[in-house]
Amino acid sequence: CLAASVKQQRKFPDDFIFGTATASYQIEGAWDEDGKGENIWDYMTHNNPTVIKDLSNGDIAADTYHNYKRDVEMMRELGLDAYRFSLSWARILPTGFSNNINQAGIDFYNNYINEMLKYNIQPMITLYHWDLPQKLQELGGFSSPLISDWFEEYARVAYESFGDRVKFWITFNEPREVCYQGYGWTTMAPMLNATGVGTYICAKHLVLCHAKAYHLYNNEFRSKQNGIVGITYSVNDFRPLTDSDEDIAANILRRQGEYGIYSEPIFGPDGGFPKELAKRVAEKSAQQGYAKSRMPEFTDEERKLAKGASDFMGINHYTGYFTSAGYDNSYPVPSFYDDLSITDHRPSEWPLAASSWLYQAPDSLFNTLAALEELYPGTEYYITENGWSVAPDSSLVDDDRIRYYRAAWENLLDAIDAGFNLKGYMAWSLMDNFEWMQGYTERFGLYHVDFEDPARTRTPRKSAFVYKELLRTRVIDYDFEPESMVMTID
Ligand code: PNW
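Below you will find a few notes about this structure.

What counts, and at which threshold
Residues numbered from 1 in each chain as written. Predicted model: local features only at pLDDT ≥ 70, side-chain atom pairs only at ≥ 80, totals over all residues. Heavy atoms only, no water. Helix = DSSP H or I, 4+ residues; strand = E, 2+ residues; numbered from the N terminus. Rg over C-alpha atoms; globule rule 2.2 N^0.38 Å. Buried < 20%, exposed > 50% of the residue type's maximum accessible area, 1.4 Å probe, protein only. Areas by Shrake-Rupley, 256 points an atom, 1.4 Å probe, with all protein chains shown as cover. Lys, Arg positive; Asp, Glu negative; His and termini not counted. Charge placed at Lys NZ, Arg CZ, Asp CG, Glu CD. Axes fitted to C-alpha atoms, helices over the stretch in contact; angles between N-to-C directions. Parallel < 35°, antiparallel > 145°, perpendicular 65-115°, else oblique. Left-handed = near helix turned anticlockwise from the far one by under 90°. Contact = heavy atoms within 4.5 Å. Nonpolar A, V, L, I, M, F, W, Y, C, P; charged D, E, K, R; others polar. Near = heavy atom within 4 Å. Polar contact = N/O pair within 3.5 Å; in protein donor to acceptor, adjacent residues only side chain to side chain.

Broken down by element type, the protein chain carries 17 helices and 13 strands. For 490 residues, the compact-globule estimate of 2.2 N^0.38 gives 23 Å, and the protein chain sits close to it at 22 Å. Here the C-alpha coordinates of the protein chain stretch approximately 65 × 60 × 50 Å along the principal axes. In the protein chain, which comprises 490 residues, the proportion classed as buried is 60%. Carbon together with sulfur atoms contributes 50% to the accessible area of the protein chain, which is approximately 18500 Å² in total. Looking at charge distribution, the protein chain has the averaged site of its 45 positive side-chain charges lying 3 Å from that of its 71 negative ones.

A few words now on unusual backbone geometry. Note the cis peptide between A189 and P190, where omega equals 5 degrees. Topologically, P190 is positioned in the loop between α9 (175–183) and α10 (198–225). The step from W428 to S429 runs through a cis peptide bond, and the omega angle for that step is 15 degrees. Examined against the element boundaries, S429 turns out to sit in the loop between β11 (421–428) and β12 (447–449). Positive phi values are uncommon outside glycine, yet R474 reaches one of about 65 degrees. Here R474 is to be found in the segment after α17 (462–473).

Bringing the packing of helix α4 (residues 64–78) against helix α6 (residues 103–118) into the picture now. It is at 9 Å that the axes of α4 and α6 come closest, and there the two elements cross at 15 degrees. With respect to α6, the element α4 is oriented roughly parallel. Considering only the axes of α4 and α6, their crossing is right-handed. Contacts between α4 and α6 involve T64, Y65, Y68, K69, D71, V72 and M75 on the former and, on the latter, A104, F108, N111, Y112, E115 and M116. Across the contact of α4 with α6, the residue classes tally to 8 nonpolar, 2 polar and 3 charged.

Around the ligand, the structure places 16 residues, and the nearest of them are Q26, H129, E385, E435 and W436. Residue Y318 places a side-chain N or O atom 3.1 Å away from an oxygen atom belonging to the ligand. At 2.9 Å, a side-chain N or O of W436 approaches an oxygen atom of the ligand. Residues that form the shell around the ligand fall into these classes: 6 nonpolar, 6 polar and 4 charged.

Structure (structure tokens):
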């Protein structure tokens, strides 16, 4: 049909950046090698192994610490413009503090970065992708207001060590997962389970960590290093189930709770937490007999520090939800979802990945960007993650993932056509890795990794060839089939 053939001719701009993403704990292994300190995932998986579905951990993972040259070879095979990875704070600062810098850790990242640069692959660094040094957790982690000083100290070491070559910095990966899942629930380390309280305290402190690291770069590094600093949120497509006022209001609260508490203080016109949600939490707190709202406030000085403190917004996007008002009372009181009082809906016809939460929702990537653009017009966006899981024993021919990716890539073109300032896209993930509480039972890699093999052999899936062809031609070709499953460097 005409519409389809016209669509197929759309081309990505030459300067659009394509890459893949990973995170330190999920791929590196070498958990206690060459002076690395213990982090909260080491601690949790070693002391409480049954919380991980297959009782596994990231002790070895994809063993990138010893295989980094192979990783870069894969980046070259795909023809990537950029590679997003994270630094392990405890590999660089074993106790969390900068009085003791582990030179072996710095050397490892220098080798990794230099290997990428040799082949013109732009390194994009995430400072924090969930692996806090255990010593800092014992001092309160993101419950402590001092965390923003500790984070600033760590950011300084990273800028000083790598900033001559690294021009793209993400302070945090997904504040929601850190604060809600880690502090307000039990689905991520440190499993604090301080429902209705931990999430909001963490949110405030994490925003200030980001703001201090941003200003540090601005004040002391930007003029010499000329890079950019941003933050990555997990943003799904949240839509009201019906157009009733109740569902529309519930969906607004949902968006504010899921990402607004982390984005509004930085990107919003007034700074501070989102108003409707702050009001809701204050009301509920009063009803529940709290002396003050469970959601802390920013001082004027803190508000000013955070407001506008980002050069771009990173977005990890995976799925969508419909929201309706009201819920079934199965959440503890107080808790984040009790505060929101909403119910989720996913149509059963949406395709489901190997992860229980990962449905392919129609046009969810475009809708997500459009919702953000309405709140924060003109923002510079990067999609810093997007991907689809398959089962560990599934075939290398991952056609369902290819279907998901092509739909997402069409949405990138839709967003560019709509005039959004979208600069790049990172597929999650370069290779299979430790999928947090799910261990190795869900696989997101363009490359399969054999976790039974001491060499952690990496083998391309069909989606790797499809991504490579996209990067080569800059068009989405629905007829493309790889000639063989043998990968080469072109
Ligand atoms: C991301 N959601 O987490 C993480 O950044 C990765 O480390 C992880 O491996 C990957 O996605 C796959 O799970 C997510 O709300 C957090 O839909 C939240 C959502 C999706 C992914």
